[in-house]
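Residue-level structure breakdown
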Amino acid sequence: MFMPRAGLEALQTYSVADTDWAIRLDANERPTDLPPAVKARIIERLGLLPFNRYPEISAQSLKAVIAAEFGLQAANVLIGNGSSEILEALCFAYGGAGRSIVYPSPSFSMYGIYAKLADSQPVPVALQADYTLDADKMLTAAEQAAAGVILLCNPNNPTGTVMPPEQIEYIAANTRSLVVVDEAYHEFYGRTAVSLLGKYPHVAVARTFSKAYGLAAARVGYLLASEAVAGTIGKVLLPYNINALTLITAETVFGMRREFAGSLAETSRERERLTAALGAVAGIHVYPSQTNFLLVKSEQAPELVARFRRRGIGVRDFSAAPGLAGCIRIGVGTPAENDAVLEVAAG
Ligand SMILES: *Cc1c(COP(=O)(O)O)cnc(C)c1O
């Protein structure tokens, strides 16, 4: 019979509004295109690519340069079509039917979708009122649900809050589930769980090129893990999952990542400027953020979103999402874009 697999009818298609805002602050992207020297080098290298050939089957050369940066081996690295692909793959590999996947809430909304795609039970664990994590609550939930995977997002999207490294180690030391730390915003924060990899073979760290390194268009991310975990997750990734254009692009960006230091520092400065100025507006509460976005709370959230949109500014309205009543996520843009945000917020 012509019928989809059981469970799919309940699954919502992930979709975000694809509006062409004059000022796009709704997807946590880098606000400007790549540094010109980096883009020129990519285009030069793409010009030399034989387009008729398949890419390297398992992205070995990109794995090798990433591994070297962390003092790891290529066998400790997986490359994905966005870190999204890897997060989904690890739910397939360590979740599956009859298992569960535990993650904080509110956090990245895709975690629940990946869990369902893998036929696993999604187990969201509520963060505290200030959006910090109660590690014991997380561990108890994982224990009770016999979780295959604990997903942690650090810094957390969309709240911008962080979990100190000691807290992540505490979770790792007290569970036998695979603990995955999604560090999509690492470059704006600086601290990392990578040093836990040597001590805990059941810890893995996911990173992306989509945010700080401005490669959202290319779709590329990676996972650092023990050889056993990387090998297992690698079984559910398709061969040739990363195309040759993306491989060249990511390798060039990774090799030239020092070129991004100035713009990363500017984003952090602008984030602090926005935090202070938005926080001074009556009726707006700003959560402290270690990322390239801010979560703000207002009793007039729908009106505020409407005012941004009238001005051509796209922001992400979370005011109807669980645990995020009245909240809006605003990306840190260029200084001029942030000025526009401040003008609108000040009314
Ligand atoms: C943006 C984001 C990702 C996905 O990044 P891609 O590499 O573009 O797939 C993963 N996790 C979090 C928390 C994100 O915000």
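Residues numbered from 1 in each chain as written. Predicted model: local features only at pLDDT ≥ 70, side-chain atom pairs only at ≥ 80, totals over all residues. Heavy atoms only, no water.

We now examine the pairing of strand β2 (residues 77–80). Of the two faces of β2, the one holding V77 and I79 and the one holding L78 and G80 are both buried throughout. With four bridges joining them, β2 and strand β8 (residues 221–224) adopt antiparallel strand pairing. What sits directly across from G80, in β8, is G221. (Buried < 20%, exposed > 50% of the residue type's maximum accessible area, 1.4 Å probe, protein only. Helix = DSSP H or I, 4+ residues; strand = E, 2+ residues; numbered from the N terminus. Pairing = 2+ DSSP bridges.)

In this structure, the amide linkage connecting S105 to the following residue, P106, adopts the cis form with an omega of 0 degrees. When you line up the elements, P106 lands in the loop between β3 (100–105) and α4 (110–117). Omega for the peptide link from N157 to P158 comes to 10 degrees, which places this bond in the cis form. By the secondary structure assignment, P158 is in the loop between β5 (147–153) and α6 (165–173). Of note in this structure, D119 is not a glycine but carries a positive phi near 65 degrees. Position of D119 among the secondary structure elements: in the loop between α4 and β4 (121–126).

Overall, antiparallel pairing links the four strands, which are arranged β9-β10-β13-β12 in an open sheet. Edge strands, defined here as strands with exactly one partner in the open sheet, are β9 (284–286) and β12 (316–317). Here strand β10 (residues 293–298) runs beside strand β13 (residues 327–331); their pairing, made up of five bridges, is antiparallel. Within β13, the position partnered with L295 by the bridge is R329.

The immediate surroundings of the ligand are formed by 13 residues, with S84, T208, S210, K211 and R219 found nearest. A distance of 2.6 Å separates an oxygen atom of the ligand from a polar atom in the side chain of Y185. At a separation of 2.5 Å, an oxygen atom of the ligand approaches a polar side-chain atom of T208. Residues belonging to the shell around the ligand are distributed by class as follows: four nonpolar, six polar and three charged. (Near = heavy atom within 4 Å. Polar contact = N/O pair within 3.5 Å; in protein donor to acceptor, adjacent residues only side chain to side chain. Nonpolar A, V, L, I, M, F, W, Y, C, P; charged D, E, K, R; others polar.)

The biggest cluster of nonpolar side chains holds 60 residues, and the ones touching the most others in it are I66, I79, V102, L152, I171, F209 and V253. With five residues, helix α5 (residues 135–144) is the single largest residue contributor to this core. Lining this core are residues from two domains, each supplying at least three of them: domain 1 (8–33 + 260–345) and domain 2 (36–258). Look past the residues within four positions of I79 in its chain and what remains in contact with it is A59, L62, K63, I66, I86, V220, G221, Y222, L237, N241 and I242. (Core = buried A, V, L, I, M, F, W, Y, C linked by side-chain atoms within 4.5 Å. Domains from an automatic or database assignment. Contact = heavy atoms within 4.5 Å.)

Time to look at the UniProt feature "modified residue: N6-(pyridoxal phosphate)lysine" (unreviewed entry) in the protein chain. The UniProt entry lists K211 under the feature "modified residue: N6-(pyridoxal phosphate)lysine" (unreviewed entry), expressed in the numbering used here. Residue position: K211 is located in the loop between β7 (203–208) and β8. Dropping the residues within four chain positions of it, K211 is found in contact with A27, N28, R30, A184 and Y185. (UniProt positions renumbered as here; feature names shortened; annotations may be inferred.)

To find leftover empty space, a probe the size of one water molecule is rolled over the atoms. Going through the model one piece at a time under the given rule, you end up with two cavities of 30 Å³ or more. Each residue belonging to the lining of the largest cavity can be placed in one class, and the counts come to six nonpolar, three polar and no charged. Here the second largest cavity defines a volume of roughly 40 Å³. Forming the walls of the second largest cavity are N154, M163, P165, I168, E183, Y189, R191, T192 and A193. In the lining of the second largest cavity, the residues fall into five nonpolar, two polar and two charged. (1 Å grid on protein atoms, 1.4 Å probe; cavity = no way out; pocket = protein on both sides within 12 Å on 5 of 7 lines; lining within 4 Å. Points joined across faces, edges and corners; volume = space filled by probe spheres on them.)

So, on to the layout of surface pockets. For the largest pocket, the calculated volume is near 1,300 Å³. Residue lining of the largest pocket: 48 residues in total, with Y14, V16, F108, S109 and R316 positioned closest to the centre. Those elements giving two or more residues to the lining of the largest pocket turn out to be α3 (83–94), β3, α4 and β12. Of the residues forming the lining of the largest pocket, the biggest block, four residues, is contributed by α4. Here the lining of the largest pocket is built from residues that sort into 24 nonpolar, 13 polar and eleven charged. Residue assignment places the lining of the largest pocket across two domains, with domain 1 (8–33 + 260–345) and domain 2 (36–258) each supplying three or more.

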